[in-house]
Each structure stands twice: as C-alpha cells, then as structure tokens.
Amino acid sequence: MADRIRTRELLSCYHCGADGYDLYEQLEDWMFGVPGNWAIRTCPDCGLAWLKNQPVVEDTPLLYENYFTHEAVEPDGAFKRVVKVGVSARLYGYNPKQRYSRLAAFLASCIGPLREVAAHSVMWQKAQDGGKILDLGCGSGANLYHLQEMGWQVSGTEPDPEAVAAAKKLLKTDDIFQGFLEETAFKENSFDALISSHVLEHLFDPLATLKECHRVMKPGAQLTFATPNIESLGSQKFKEYWRGLEIPRHFFLFTEKSLREMAAKAGFNNIRILTPSCAAYSVWQGSYLLKTKKSLPGGIPLNTSVLMRIRAILFWGWEFFKICLGSPCGEELILIAEK
Ligand SMILES: [Zn+2]
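Remember, it's a predicted structure, so these values are computed and weren't measured experimentally.

Draft legend 1. Looking closely at the overall build of the chain. When its secondary structure is counted, the chain shows 11 helices and 13 strands. Expected size for 339 residues packed as a compact globule is a radius of gyration near 20 Å; at 19 Å, the chain falls within 12% of this value. When the backbone C-alpha atoms are referred to their principal axes, the chain occupies close to 50 × 50 × 40 Å. The buried share of the chain, reckoned over its 339 residues, is 45%. Sequence-distant contacts, at least 24 apart, represent 70% of the contacts inside the chain between residues at least 6 apart.

Laid out in structure tokens, this is it:
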C-alpha cells in the first residue's frame, strides 16, 4: 500500500458554496487501513459534510486496494425471502414466480421495520414487468439478482472488473458495464428506473452523476438512491466513530436538505426523501466497535456477542420509533425522484 495519498483541501461547500468549518479531525481509516490523517468538514447552511482533504483523482484506486465489492452472493434464508419477495410483492404490486407463504407475508407486512426492509430490497420501485432498470455501482450484482427475480430486465455499471465478472455470471447477462456511468455513453431516455445503493457518497462530483442519471432515464422514470444520513441517530450518538463516515472513501455525506436541493439542481421532479431505519442494526454494531476498539476490519461487524446484538436491536427499535414520531433520523437517506 502507498505511504501517502495525495490530496487537496476542499474548504467551502461543494453544494452551496458557503464557508465550511471542521467537524471532526485526526480521523483514520479503521476499516481498510488506508494511511493518512483525515478530517470532516461541514456547511453551516445546507449541512452537507465532506472529506476536507479530498484525494486527487489519480490516487483514488489506492483507497480501494483492500476493498471488496465482489463477494459471493449468499442465498437468503426462508424468513428473509418472505420479506423480500412476499412483502415487497404486496407493497409494490409485484407478481413473483417464486412461491412464498401469503399468510407469512401478510403477517410480516404488519411490522413497520420489515416493511422498510422489503421496500429497500426493491428500492421503492413499483413493479414494471420487463421494465429496464439500471443499478449504478452494482458490485457483484446482489441487488440486481433480486430485482431480476422480481421481473426487471437488469443492467449495471461498476468500476471493479472482478465485481463486473461476478455480476455477469450471477445475472447471466452481458449488460454489466465496467466503469463509471459517464464513461458508458448510454443513449438518452434508455431506462424505466435507475437505482443506486451507497455509491453517491463515494463520488467526486455527485451533481454531475445525478445529471447524467437524469439524461439516461425515460421521462416519468423513477430514480432511487440510498446514501448515509449525516443527521441520523447513529451519527448523533457516535459522532466521529459513526460507521457511515467511512474515512476516507466517503467524500460527501448528505443531509435531507442538501440531497433534496442537489436532486432539484440536476433537473428531477417530485422529489421525496425518506430516512428508513433498516441499516440501524449493522450501523450500531459497526459504530460501537469503531468507538471501543478503533478497529472494524473490512467494515463489517463479525461474530458479535449476543449482548451487542440485543443492544443493536433495541437501538433499531428506538430509531424506528423516533422516525414514526416525525424525526428524520434514520441511518440512510433515500432519494426518490422522477424525471
Ligand atoms: Zn452548503
């Protein structure tokens, strides 16, 4: 690994141009061991937060040397399938080929946090049988695999060549393109839906990418992007140890306001922002390990104790309860917008 990543300072807000101030300093990469001392800066106006010392474009691959987006996709257990297939079929009008217990799906759909998990699995997209969906930064195709099973005709973009190969094999398609969206040169009005899960925060120029998404979508198509919420309950509680910061690979961390405004700037209509709690369970465990051990190898909490898991479930419940009372404090922001 390189001794040092070349960076340049970003002092004013990428989104609104206001002077920022330092929020957290002396941070390290406790997940993948990229060298350097890092800082997070934030905007007093729109609340956007960003990596103060932004890596230069040529050094970006060094941030991902030990980072994997191409692990094998594990089959879901029976319960998870009921939620992902049965509940999302009920909520979003899908007619899946897979069999599932309608009674179990009905019962699961009565539980709010499970409805959120189901909605996330289809990225809040209503059924469009045979519709063309693009997943920006699709990794090894886990999300697309489920969407393909639910009736979508799937495509993806992904910079990691090994992940591209894994996704092509998993999805039995050649419509997975290596590189960034801007490099693929899709025709205008190509897709009926566009999704992206935890990619926006990794980009140098998220507004340019949103504009390109808008261009390749058909009129009326829905975009759904998931990204960490810097105003989440976990972020408030764990501060510089919050899992969502993921120093130094997350260049921008959004607030509801900054994300909504950026989507409008990119030309989108009917913009809605949700803050679901589905990530609270893993974010609590990851943040707790970062705070107590300053270490979270691979970014994923593994073999955690029963007590930790109980505390994470309680945190998840508390966050869900606060969201129900109107607080936008879920661990993720979900941008839903139409062309
Ligand atoms: Zn700003």
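Structure shown, so let's carry the discussion forward.
Draft legend 2. Looking closely at helix α3 (residues 112–121). All of the buried residues along α3 are Leu114, Glu116, Ala118, Ala119, His120 and Ser121. In this structure, the buried residues of α3 make contact with α1 (78–92), α2 (102–109) and α4 (142–149). Phi for Met123, located one or two positions after α3, is positive at around 50 degrees.

Draft legend 3. View of the environment of Glu332. Looking at where Glu332 falls in the secondary structure, it is placed in strand β13 (residues 332–338). Taking C-alpha positions, Glu332 is 14 Å from Arg260, a pair spaced 72 residues apart along the chain. Dropping the residues within four chain positions of it, Glu332 is found in contact with Ala226, Thr227, Pro228, Asn229, Thr275, Pro276 and Ala279.

Draft legend 4. Region of the structure containing the packing of helix α7 (residues 206–216) against helix α9 (residues 256–265). Packing of α7 against α9 leaves a shortest axis separation of 9 Å and a crossing angle of 50 degrees. Taken together, α7 and α9 sit at an angle that is classed as oblique. Crossing hand, α7 versus α9: right-handed. In contact with Pro206, Leu207 and Leu210 of α7, α9 contributes Met262, Ala263 and Lys265. Partitioning the contact of α7 with α9 into residue classes produces five nonpolar, no polar and one charged.

Draft legend 5. Broad picture of unusual backbone geometry. Along the chain, Ile247 connects to Pro248 via a cis peptide bond; the corresponding omega equals -10 degrees. In this structure, Pro248 sits in the loop between α8 (233–238) and β11 (252–253). Despite not being glycine, Lys294 shows a phi value in the positive range, around 50 degrees. Relative to the helices and strands, Lys294 is located in the loop between α10 (280–293) and α11 (306–324). What makes Lys294 exposed here is the crowd of 10 C-beta atoms within 10 Å. For Asn303, which is not glycine, the phi dihedral falls at a positive 45 degrees. Along the chain, Asn303 falls in the loop between α10 and α11. By the C-beta count within 10 Å, which is 5 here, Asn303 ends up exposed.

Draft legend 6. Representation of the nonpolar core within the structure. Counting 95 residues, the largest nonpolar core has Leu48, Ile133, Ala167, Phe191, Leu194, Cys213 and Ala263 as its most contacted members. With six residues, the top contributor of residues to this core is α10. Domain assignment of the residues forming this core places at least three in each of domain 1 (7–64) and domain 2 (122–338). Residue contacts for Phe191: discarding those within four places in its chain leaves Lys132, Ile133, Leu134, Val216, Met217, Lys218 and Ala221.

Here is what the cut-offs are and how they apply
In this numbering scheme, every chain counts its residues from 1 along its sequence in written order. Local features in this predicted model are restricted to residues of pLDDT 70 or higher, and side-chain atom pairs are both shown and tallied only at a pLDDT of 80 or more, whereas totals for entire chains, interfaces and linings draw on every residue. Per the convention used, a helix needs a DSSP run of H or I reaching at least four residues, while a strand needs a run of E reaching at least two, with both numbered from the N terminus. Two things to know: the radius of gyration comes from C-alpha atoms, and the globule rule equals 2.2 Å times the number of residues to the power 0.38. Buried means a residue has 20 or more other C-beta atoms within 10 Å of its own C-beta, exposed means 12 or fewer, and partly exposed covers the counts in between; C-beta atoms are placed from the backbone. We call two residues in contact if the C-beta atoms placed from their backbones are at most 7 Å apart. Lines fitted to C-alpha atoms define the axes, with helix axes restricted to the stretch in contact, and inter-axis angles between N-to-C directions lie between 0 and 180 degrees. Each angle is binned into one of four classes, with values under 35 degrees roughly parallel, values over 145 roughly antiparallel, values of 65 to 115 roughly perpendicular, and all other values oblique. Should the near helix be turned anticlockwise from the far one by less than a right angle, the crossing is termed left-handed; should it be turned clockwise, right-handed. Under the scheme applied, nonpolar residues are Ala, Val, Leu, Ile, Met, Phe, Trp, Tyr, Cys and Pro; charged residues are Asp, Glu, Lys and Arg; polar residues are all the others, including Gly. By definition, a nonpolar core groups buried Ala, Val, Leu, Ile, Met, Phe, Trp, Tyr and Cys residues that connect through C-beta atoms lying within 7 Å of each other. These domain boundaries are the output of an automatic or database domain assignment.

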